[in-house]
Amino acid sequence: MKNSLIQKYNVPGPRYTSYPTVPYWDETDFSDEIWAETLKKSFQASNSSEGISLYIHLPFCESLCTFCGCNKRITKNHGVENPYIEAVLKEWTLYCKILGEKPTIKEIHLGGGTPTFFSTKNLEDLINGIFVHAKKAKDYEFSFEGHPNNTTHEHLQKLYDLGFRRVSFGVQDYSEKVQKAIHRLQPFHNVAKVTFWAREIGYTSIGHDIIFGLPFQEIEDVIDTIEKTKSLQPDRLAFYSYAHVPWIKGNGQRGFNDEDIPKDDKKRMLYETGKKLLFENGYHEIGMDHFALKTDSLYDAFQNGTLHRNFMGYSSSKTQLMIGLGVSSISDSWFSFAQNVKNLEDYYQILEWNKLPVFRGHLLTDEDLIIRKHILNLMCQFETSWETKEGYFNEIPEVILQLKEMENDGLLIIKDNGIAVTEKGKPYVRNICMAFDLRLKRKAPETELFSMTI
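Because the structure is predicted, anything quoted here is derived from the model rather than measured.

1. Points about the packing of helix H5 (residues 153-161) against helix H7 (residues 188-201)
(1) Moving on: Where H5 contacts H7, the two axes come as close as 10 Å, and the packing angle between them is 30 degrees. By the angle between their directions, the pair H5 and H7 is classed as roughly parallel. As for the relative orientation of H5 and H7, their crossing is right-handed in sense. For the pair H5 and H7, contact is made by His-153, Leu-156, Gln-157 and Tyr-160 and by Val-194, Trp-197, Ala-198, Glu-200 and Ile-201, respectively.
(2) Moving on: Of the residues that constitute the contact of H5 with H7, the class distribution is 6 nonpolar, 2 polar and 1 charged.

Structure below.
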């Protein structure tokens, strides 16, 4: 039965870091003026009560990892650091002028690329530059992504001194054969070293990112990786499904052949094996592909119903406004989305014109906002309800018909005015969300857009 379910539901589908998903943004009603309006509307509603979030994209890497689909620029020239920091701070200044008053920042996340490509001096200049025009919320949470091969003790100490208390390290897999295939040679010693340093310095949440479904990956590799991970006891874990999207230009996913990638039943077995080991070692599932110890704030947020998901991933708190800074970054005012240009030279040029480097966006409709809440509920709590008027939309009967089949397969339970995902259904939560995705239903993709759901 399990095998037939995998065959049945293993279809291309979104990861739902947003709704509508980026390929379904309607750019016809979007403009810079609309983006500024929704930005101010959201800021005025939330700045004093909850603050805002900042995502800062730092795109540079010294070498290309062939599993990565992120926007990056490969270079060993560290002379690129200063101009980029200056550009990001100029972009932030433009946003602060639009907002009209000093923002209160609740969250900062440094992503990439490789944030620890940058020197500690430049990272300090970046964060201090942000707070020339802003102040910290009382319960702020700052986090960054660290590459175990180049994150130094100085990096960890300096960012801790600047207020960072959460760090995630990209592990992927400890098998040397897998690491060679994805061009990410990274010995266990390097991961252990940065993990111990972070704990010694005082970071309150240390995360590891592991990927299943990588080329040449076997059951033994997943077991070995999680056994090694267990010895380091990270507070939270992302156990991601490898997204094979070689058609995306520049993503580098061409260092191996399609037949080298575990598929269907084998890939699901990698996940089931890893998940079982995580449970046995005290980790609890708190969202799609995410696990945490009971002592971590993400676990508390899941238990309390306050877990949130956005373009930065899962978060223990929600802000209505998230501003993305840097090349390719996406911003979210709740009412609309906006994405920056993806080309670095274009990013610099537009900022020289004293304009926000936004090149596309989407103004959410009333229907979008309702669907968005359902998908967030499913992604963060594994349940959703349309009991109130705010949660109901006209296509609910059609959605229920589609969900009936999933209920028959044991993936969910349909209640009077809502659904709950079963334990068996958690690996299929993307498929369940797709039943609510009206934009996807109305216009099926004509080209390859999404990775497989399983």
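The rest of the description comes next.
2. Side note on the nonpolar core
(1) Moving on: Counting 56 residues, the largest nonpolar core has Trp-92, Ile-105, Leu-110, Phe-164, Tyr-203 and Ile-323 as its most contacted members.
(2) Moving on: Take this core: its biggest share by element is 10 residues, from helix H3 (residues 81-99).
(3) Moving on: Each residue touching Phe-164, except ones within four places of it in the same chain, is listed here: Ile-108, Leu-110, Ile-127, Phe-142, Ser-143, Phe-144, Leu-159 and Tyr-203.
(4) Moving on: Counting residues in each nonpolar core, the second largest holds 50 residues, with Tyr-16, Val-22, Trp-334 and Met-434 among its members.

3. With respect to the pattern of salt bridges
(1) Moving on: If you walk through the whole model with that rule in mind, you get 20 salt bridges.
(2) Moving on: Linking Lys-228 and Asp-224 is a salt bridge whose minimum nitrogen-to-oxygen distance equals 2.7 Å. One end of the pair, Lys-228, and the other, Asp-224, are both in helix H8 (residues 219-232), 4 residues apart, so they sit about a helical turn from each other.
(3) Moving on: For Lys-228, a relative accessible area of 26% puts it in the partly exposed group.
(4) Moving on: Its relative accessible area of 30% is what places Asp-224 among the partly exposed residues.
(5) Moving on: A salt bridge links Lys-426 to Glu-423; the shortest N-O distance between them is 3.2 Å.

4. Description of the packing of aromatic side chains
(1) Moving on: Under the criterion given, the structure shown has 23 aromatic pairs.
(2) Moving on: With a centroid separation of 5.8 Å and an interplanar angle of 70 degrees, the aromatic rings of Phe-117 and Phe-118 are classed as edge-to-face.
(3) Moving on: For Phe-117, a relative accessible area of 3% translates into the label buried.
(4) Moving on: Under the relative-accessibility criterion, Phe-118 is labelled buried at 0%.

5. With respect to the sheet that holds strand E18 (residues 412-415)
(1) Moving on: Spatial ordering of the open sheet is given by E17-E19-E18, a layout of 3 strands whose pairing is antiparallel. At either end of the open sheet lies a strand with only one pairing partner, and these are strand E17 (383-385) and E18. Pairwise comparison of adjacent strand axes, ignoring direction, gives a mean angle of 10 degrees for this sheet.
(2) Moving on: Of the strand pairs in this sheet, E18 and strand E19 (residues 418-421) are connected by 4 bridges, and their pairing is antiparallel. The residue of E19 that forms the bridge with Lys-415 is Gly-418.
(3) Moving on: Where helix H13 (residues 396-408) meets the sheet, it contacts E18 and E19, and its direction lies at approximately 135 degrees from that of E18.

6. Brief notes about the domain arrangement of the protein
How big an interface is tends to be expressed through the accessible area that disappears when the partners come together.
(1) Moving on: Along its sequence, the protein is carved into domain 1 (1-20 + 365-453) and domain 2 (26-325).
(2) Moving on: Spacing between the C-alpha centres of domain 1 and domain 2 amounts to 26 Å.
(3) Moving on: Counting residues at the interface gives 24 residues for domain 1, matched by 29 residues for domain 2.
(4) Moving on: Of the roughly 2200 Å² buried between domain 1 and domain 2, counting both surfaces, carbon and sulfur atoms make up 54%.
(5) Moving on: Summed over the three residues of domain 1 that lose the most area to domain 2, namely Arg-15, Thr-17 and Cys-380, the buried surface amounts to 23% of that side.
(6) Moving on: On the surface where domain 1 and domain 2 come into contact, there are 1 salt bridge.
(7) Moving on: Seen at the junction of domain 1 and domain 2, the total is 4 residue pairs in polar contact (both at pLDDT 80 or more).

About the criteria used
Residues numbered from 1 in each chain as written. Predicted model: local features only at pLDDT ≥ 70, side-chain atom pairs only at ≥ 80, totals over all residues. Heavy atoms only, no water. Axes fitted to C-alpha atoms, helices over the stretch in contact; angles between N-to-C directions. Helix = DSSP H or I, 4+ residues; strand = E, 2+ residues; numbered from the N terminus. Parallel < 35°, antiparallel > 145°, perpendicular 65-115°, else oblique. Left-handed = near helix turned anticlockwise from the far one by under 90°. Contact = heavy atoms within 4.5 Å. Nonpolar A, V, L, I, M, F, W, Y, C, P; charged D, E, K, R; others polar. Core = buried A, V, L, I, M, F, W, Y, C linked by side-chain atoms within 4.5 Å. Buried < 20%, exposed > 50% of the residue type's maximum accessible area, 1.4 Å probe, protein only. Salt bridge = Lys/Arg side-chain N within 4 Å of Asp/Glu carboxyl O. Phe/Tyr/Trp six-rings, centres within 6.5 Å; stacked < 30°, edge-to-face > 60°. Pairing = 2+ DSSP bridges. Domains from an automatic or database assignment. Buried area = accessible area lost by both parts, 1.4 Å probe. Polar contact = N/O pair within 3.5 Å; in protein donor to acceptor, adjacent residues only side chain to side chain.

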